[in-house]
Amino acid sequence: RNSGNRTADADVGLVVPSHSHHIKLESSTGVIDPSHIKDGDVLLERGGKGNHHKGSRYYRRLINERRKSYQGLPDSARAEKMEISLSVVMSVKKSGARFIHKKKGQYIVMSDREARNKISQALREKKERVMLDTSQQ
């Protein structure tokens, strides 16, 4: 369904701004072996490994850079907020990186929708996340 300047992506049910319609949003790809986690991947897990991973540090920097803009938008600006969240997804993914979370001891590659929801949650947080070991970014 097309609505104004937005395009519906039937595969994952996301509404994507039309200028981004050429980007295919990925659905969940399942469990991966920890040895297949790349440096650029974003590990969305609690604790040391997620905090120190290179991709996770880059992700936190993107979130911190966009938080003020996101929080400055009114609640009614849903499309603009989604565009900010999608910009984080696309910034990470254009380098070939993935969003990965740990569930019941297994690493799972997240769908773009799941990643966007996590990103939106992080952007809503009032407190800026401390970036550990920023010398290697």
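Structure's up top.
Residues numbered from 1 in each chain as written. Predicted model: local features only at pLDDT ≥ 70, side-chain atom pairs only at ≥ 80, totals over all residues. Heavy atoms only, no water.

Draft legend 1. Local environment of the packing of aromatic side chains. Tallied over the entire structure, the rule returns one aromatic pair. Where Tyr 59 meets Phe 99, the ring centres are 6.1 Å apart and the plane angle is 85°; that geometry is what we call edge-to-face. Within this pair, whereas Tyr 59 is found in helix α2 (residues 54–72), its partner Phe 99 is found in strand β6 (residues 99–103), the two being separated by 40 residues in sequence. By relative accessible area, Tyr 59 is classed as buried at 8%. Overall, Phe 99 belongs to the buried group, its relative accessible area being 2%. (Phe/Tyr/Trp six-rings, centres within 6.5 Å; stacked < 30°, edge-to-face > 60°. Helix = DSSP H or I, 4+ residues; strand = E, 2+ residues; numbered from the N terminus. Buried < 20%, exposed > 50% of the residue type's maximum accessible area, 1.4 Å probe, protein only.)

Draft legend 2. The arrangement of the sheet that holds β6 in detail. With respect to topology, four strands assemble into an open sheet ordered β4-β7-β6-β5, the strand pairing being mixed. Each edge of the open sheet carries a strand with a single partner, namely β4 (30–32) and β5 (42–44). Adjacent strand axes in the sheet meet at a mean angle of 40° when their direction is disregarded. Here β5 pairs with β6 via three bridges, running parallel. Looking at the pairing, Val 42 lines up with Phe 99 of β6. (Pairing = 2+ DSSP bridges. Axes fitted to C-alpha atoms, helices over the stretch in contact; angles between N-to-C directions.)

Draft legend 3. Region of the structure containing unusual backbone geometry. The residue Lys 104 is not glycine, and still its phi comes out positive at about 50°. Turning to its location among the elements, Lys 104 is positioned in the loop between β6 and β7 (106–109).

Draft legend 4. Spatial organisation of helix α3 (residues 78–93). Under the 1.5 Å per step criterion, the end-to-end length of α3 is 22 Å for 16 residues, consistent within 8% with the ideal 22 Å. Along α3, the residues classified as buried are Lys 81, Ile 84, Ser 85, Leu 86, Val 88, Val 89, Met 90, Ser 91 and Val 92. (Expected span 1.5 Å × (residues − 1).)

Draft legend 5. Inspection of the environment of Met 110 at higher detail. Residue placement: Met 110 occurs in the loop between β7 and α4 (112–124). Put simply, Met 110 and Ile 100 are 10 residues apart on the chain and 5.6 Å apart in space, counted from C-alpha to C-alpha.

Draft legend 6. How the structure looks around the pairing of β6. Relative to β7, β6 is paired through four bridges, and the arrangement is antiparallel. What sits directly across from Lys 102, in β7, is Tyr 107. Hairpin connection, β6 to β7: the antiparallel pair is bridged by two residues, and Lys 104 has positive phi, about 50°.

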